[in-house]
Amino acid sequence: MSLPEPQAWTVYGETLHSRLMIGTAGYPSPAVLRDAIAVSGAGVVTVGLRRTLAAAGDNGFLAELLKDLSARGVHLLPNTAGCRSAREAVALAHMARELYGTRWIKLEVVGDEHTLQPDPWGTVEAAAELVQAGFAVFPYCTDDLVTCQRLLDAGCEVLMPWGAPIGSGQGLLNPWALRTLRARLPGVALVVDAGIGAPSHAAQALELGFDAVLLNSAVAHAREPVAMARAFGDAVRAGRLAFEAGVMAPQDMAVASTPVAGRPMLIG
């Protein structure tokens, strides 16, 4: 008997069979990064343009990595990490499109230096301008429903709310807000981005009905990044399969798994 695989999902007209997106920063070596991406089964890989421009000596490796990813059907998602204003993010997005030849862009506009929380106004402003310019925008945002609705109004077809502050590894701090997003936006592609620290966090997001997760530090900073990448790949598949199979509703009281009421019993 063959084991089931999670259903594919679609974003901006592209069908993705993996529900794991993975970043490329902070790995101990290029070889570990390449192996981690391979074993994770990730269908989308993010790369920061600022980091690419700053690390000119690594561009040869990056070019080879991108070529390898393209050959394996993995999608590249450049990001505007580090931008503090809508204008800065828009300019960087245009540079990314020229450099990488893709209209996909992960939009990040930071509004707070301590939490690295996205600036809702700047993010919506930049998203609207980029959509008009023909970009497929993947906005990094909080789990605020109204902000998410404004991003959809701006033309975004996917939302990437955080689970917790980026790089914190705290997991899903507000499952209620994430469940609310899923319930109120049933036809929208939703990706939990930031704050995931363990495979169980990723599985929880998929069990809630989210379409995918994006993570970086949880793999890159693990003691064994390649093994952790495999663990996340398995967790994402398990979480989505559980959602598709139908996770049981929690009960307030104990419910016997083997009811005996109304059945004859032999008493010795």
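Preceding block: the structure.
Per-chain numbering applies: the sequence of each chain, read as written, is numbered from 1 onward. Totals for whole chains, interfaces and linings use every residue, but because this is a predicted model, local features are given only for residues with pLDDT of at least 70 and side-chain atom pairs only at 80 or more, for both listing and counting. To obtain the side-chain values, all non-hydrogen atoms of the structure were included, while hydrogens and water were left out.

Segments assigned H or I by DSSP are reported as helices when at least four residues long, segments assigned E as strands when at least two residues long, and all are numbered from the N terminus. Within the element layout of this structure, Ala 31 appears in helix α1 (residues 30-40). Each C-alpha atom of the pair Ala 31 and Pro 165 lies 28 Å from the other, and the pair is 134 residues apart in sequence.

The next point concerns the environment of Gly 82. You can see Gly 82 is positioned in the loop between β5 (75-79) and α4 (86-100). Only protein chains enter the accessibility calculation, which uses a 1.4 Å probe. A residue is then buried if its area is under 20% of the maximum for its type, exposed if over 50%, and partly exposed in between. Take Gly 82: its relative accessible area is 29%, and that puts it in the partly exposed class. Note: C-alpha distance between Gly 82 and Gly 48 (34 residues apart in sequence) is 8.8 Å. Every residue pair with non-hydrogen atoms within 4.5 Å of one another is taken to be in contact. Setting aside its immediate chain neighbours within four residues, Gly 82 contacts Arg 50 and Glu 88.

Turning to the environment of Tyr 100, a few remarks are in order. Inspection of the secondary structure assignment puts Tyr 100 in helix α4. On the basis of relative accessible area, Tyr 100 is assigned to the buried category, the value being 15%.

Here we take up the pairing of strand β4 (residues 44-48). Counted residue by residue, β4 has five buried out of five residues, so it is predominantly covered. Every second residue of β4 is oriented toward a common face, with Val 44, Thr 46 and Gly 48 on one face and Val 45 and Val 47 on the other, all of them buried. As paired strands, strand β3 (residues 20-22) and β4 are joined by two bridges and run parallel to one another. By the bridge assignment, Ile 22 is partnered in β4 with Val 45. Two strands pair if DSSP finds at least two bridges between them. Here five bridges tie β4 to β5, and the two strands are oriented parallel to one another. From the neighbouring strand, Val 44 faces β5, where its bridge partner is His 75.

For the pair helix α8 (residues 199-207) and helix α10 (residues 225-245), the least separation of the axes is 7 Å and the interaxial angle reads 25°. As the angle between them shows, α8 and α10 are arranged roughly parallel. In the crossing of α8 with α10, the sense of the turn from one axis to the other is right-handed. Contacts from Pro 199, Ala 202, Ala 203, Leu 206 and Glu 207 of α8 reach α10 at Met 228, Ala 231, Phe 232, Ala 235, Val 236, Gly 239, Arg 240, Ala 242 and Phe 243. Gly is put with the polar residues, along with every residue not named as nonpolar or charged; the nonpolar set is Ala, Val, Leu, Ile, Met, Phe, Trp, Tyr, Cys and Pro, and the charged set is Asp, Glu, Lys and Arg. Among the residues forming the contact of α8 with α10, the class breakdown is eleven nonpolar, one polar and two charged. Here the axes come from fitting lines to C-alpha atoms, over the contacting stretch only for helices, and the angles between their N-to-C directions go from 0 to 180 degrees. Every angle not falling under 35 degrees, over 145, or within 65 to 115 is termed oblique; those three ranges are roughly parallel, roughly antiparallel and roughly perpendicular. In this scheme the crossing of two helices becomes right-handed for a clockwise turn of the near helix relative to the far one and left-handed for an anticlockwise turn of less than a right angle.

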